[in-house]
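Coordinates in review
If you want the building blocks of each chain, they are given just below.
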Amino acid sequence: MTPVNAADTLYRVLIADDEPIIREGIREAMDWAALGMQVVGEAEDGEEALERAVELNVHVVLVDMNMPFLNGIGLIRALQEQCPGVRYLIISGHDEFAYAQEAVRLGVEDYILKPVQAEQLKSALERLRQRLDEEHQRTAYVRQAAQQIERNIPLLRQRFCQEWMEGELGEKNVTEQLAFLHLPSGSPVQVGVVRWPAAEARQTILRENDRQLFLFAAENIIAELLGDRPHVLFREGGSLIGICLWQEAPEEISSLLEQQISICLNISVHAHVEPHIGTLEAVPDTYRHCREQVYEEVKLSPLVRRARQLIQEQYAERELTLESLASRLQVSAVYLSRVLKKELNDSFVTLVTQARIRKAAQLLDSTALPIHTIAERVGYDTQHYFSTAFKKTMGISPAQYRKHGGTDNSSTGPM
């Protein structure tokens, strides 16, 4: 049944009775317009009534219980399958308890005995009209609520991720929310944080409008860089933008985010995006680690941050050396080596190895490429050299790593 607007549309009525005089009497006895109804058709047997009710998309059927071919109970049962929203008012020449009992079970609105009294029929139709109006109003409210929810899906996703990252939701609740908000059912493959330190340092003098505009613009830049990958962006406080990503972005995404926001908005941000491997419940742990990392960034000098970024971008180049990196950064190799060790507690060689092994592990997990091809792709001249470095870093050989799906009790994993 198609819902109607009670204010400006008449409910469509079908009269089903095998006696023409009864049909005419019912049709002529009522002021249908005053009842908010319109007789759109008649039928003289149950089969015709079934066909016409479907064809005319009626809201109400006045049913004679004793029609040929298909009696009233049979008609109601058939229509309940094909037109589940139709309402029924039975008119019967027999005061049979069994009929009345079955009619109640089928949800019939009223049961009127022949000969039909006009006032009795009018009262029954008025009650039916009121119930139809109430049902229509409920349907309208539910439809409006569904439309409102659909319009607010982006905001609801943000609030959900905020609560999720705060550890307030159990796995069952998270699963239900993901389905409700039309998000992928599995865990995000990457989680990240973008931090705008200046928004905190200048909180007393930075106008709220300006802060909101910059954050909104930063979100747009992030969304543009992530493209069509399923993701949710959400805010924490006035300076953090969280990222949940269900399709892997390039490894250099953190650097790309920092560079693009700096170029477009002329503000400095710190970004950290890392893979998430684990359950839905473990996602907040990965998020908290990302948040800790961006707060650690402020302790790093611009030189170290730039050096680390270049290593992450150029790890696959065999020509990448401490000397070549120092030359590009316009400092001496000795000085660069010293500040890397001081601020990151790692040497240049270790940082390059970690970047290469991290990428190799991703390729072992996600591709069927031969190990020698992976070795070449991440910057090693020989498979033997690569396997040695991989085992030293991960605790197992590349072949064992792939065989065991990337897990092993002895694996320590790259930093």
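Residues numbered from 1 in each chain as written. Predicted model: local features only at pLDDT ≥ 70, side-chain atom pairs only at ≥ 80, totals over all residues. Heavy atoms only, no water.

The protein chain is annotated in an unreviewed UniProt entry as Response regulator from Paenibacillus barcinonensis.

1. A word on the overall build of the protein chain
For clarity, the cut-off: The helix count covers DSSP runs of H or I at least four residues long, the strand count covers runs of E at least two residues long, and both are numbered beginning at the N terminus. Relative accessibility under 20% of the residue-type maximum defines a buried residue, over 50% an exposed one, and the middle range a partly exposed one, all with a 1.4 Å probe and only protein chains included. Only the protein chains shown count as cover for residues, and all accessible areas are computed by the Shrake-Rupley method using a 1.4 Å probe.
The secondary structure content of the protein chain amounts to 18 helices and 9 strands. Counting only residues that meet the buried cut, the protein chain has 43% of its 415 residues in that class. Within the structure as shown, the protein chain displays about 21800 Å² of accessible surface, and the carbon and sulfur contribution to it stands at 50%.

2. Concerning the sheet that holds strand 4 (residues 87–92)
In plain terms, the rule: Two strands pair if DSSP finds at least two bridges between them. Axes here refer to lines fitted to C-alpha atoms; in helices the fit is confined to the stretch in contact. Angles between the N-to-C directions go from 0 to 180 degrees. Whether two residues are in contact is decided by their heavy atoms, any of which lying within 4.5 Å being enough.
What the 5 strands build is an open sheet, ordered 2-1-3-4-5; its pairing is parallel. Both edges of this open sheet fall to strand 2 (37–43) and strand 5 (110–113), since each of them pairs with a single strand only. Neighbouring strand axes in the sheet, compared pairwise and without regard to direction, differ in orientation by 20° on average. Taken together, the 4 bridges between strand 1 (residues 11–16) and strand 3 (residues 60–64) define a ladder with parallel strand orientation. Paired with Leu 14 across the bridge in strand 3 is Val 61. Where helix 1 (residues 20–29) meets the sheet, it contacts strand 1, strand 2, strand 3 and strand 4, and its direction lies at approximately 175° from that of strand 2. Together, strand 3 and strand 4 form the strand contacts of helix 3 (residues 72–82), whose direction differs from that of strand 3 by roughly 155°.

3. Describing empty space enclosed by the protein
As a reminder of what qualifies: Using only the protein atoms, space was sampled on a 1 Å grid; points where a 1.4 Å probe fits but cannot get out form cavities, open sets with protein on both sides within 12 Å along at least five of seven lines form pockets, and lining residues are those with an atom within 4 Å of a point. Grid points are joined across faces, edges and corners, and a volume is the space filled by probe spheres set on the points. The classification used treats Ala, Val, Leu, Ile, Met, Phe, Trp, Tyr, Cys and Pro as nonpolar, Asp, Glu, Lys and Arg as charged, and all other residues, Gly among them, as polar.
Applying the stated criterion to the full structure yields 1 cavity of 30 Å³ or more. Computed from the structure, the largest cavity encloses a volume of approximately 60 Å³. Considering the residues around the largest cavity, the lining is formed by Val 194, Arg 195, Trp 196, Phe 214, Leu 215, Ala 218, Ser 239, Ile 241, Ile 261, Ile 267 and Val 269. For the lining of the largest cavity, the elements supplying multiple residues, two or more each, are strand 6 (190–195) and helix 9 (208–226). The dominant element in the lining of the largest cavity, judged by the number of residues it contributes, is helix 9, at 3 residues. The class makeup of the residues in the lining of the largest cavity is 9 nonpolar, 1 polar and 1 charged.

4. Focus: the sheet that holds strand 6
Taken in spatial order, the 4 strands of this open sheet run 7-8-6-9, and their pairing is antiparallel. Of all the strands in the sheet, just strand 7 (231–236) and strand 9 (270–275) have a single pairing partner and so form its edges. This sheet shows a mean twist of 15° between the axes of neighbouring strands, independent of strand direction. In the packing of helix 10 (residues 253–265) onto the sheet, the strands contacted are strand 6, strand 8 (240–245) and strand 9, and the crossing angle to strand 9 comes to about 155°.

5. As for the layout of surface pockets
Taken as a whole, the second largest pocket encloses approximately 330 Å³ of empty space. Residue lining of the second largest pocket: 14 residues in total, with Val 349, Thr 350, Thr 353, Tyr 380 and Tyr 385 positioned closest to the centre. Looking at the lining of the second largest pocket, the elements that each hand over two or more residues are helix 15 (348–366) and helix 17 (383–394). Looking at which element gives the most residues to the lining of the second largest pocket, the answer is helix 15, with 7 residues. Class assignment for the residues of the lining of the second largest pocket results in 7 nonpolar, 5 polar and 2 charged.

6. Overview of the pattern of salt bridges
Cut-off, in case you're wondering: We define a salt bridge as a side-chain nitrogen of Lys or Arg found within 4 Å of a carboxyl oxygen belonging to Asp or Glu.
One pass over the full model with this rule turns up 11 salt bridges. A salt bridge links Glu 135 to Arg 87, with the shortest nitrogen-to-oxygen separation between them at 2.2 Å. Taken together, the positions of Glu 135 in helix 5 (residues 118–151) and Arg 87 in strand 4 put the pair 48 residues apart, joining distant regions of the chain. Residue classification places Glu 135 among the partly exposed residues on the basis of a relative accessible area of 22%. Measuring nitrogen to oxygen at the nearest pair gives 2.4 Å for the salt bridge that ties Asp 285 to Arg 288. Placement of both Asp 285 and Arg 288 in helix 11 (residues 283–297) is noted, with a separation of 3 residues, approximately one turn of the helix. Connected through shared salt-bridge partners, Arg 23, Arg 27, Glu 28 and Glu 42 make up one network.

7. So, the pairing of strand 5
Only one face of strand 5 is covered, namely the face carrying Asp 110 and Ile 112; the face carrying Tyr 111 and Leu 113 is uncovered. Pairing geometry for strand 4 and strand 5, over 4 bridges, is parallel. In the sheet register, Ser 92 faces strand 5, and the bridge partner there is Leu 113.

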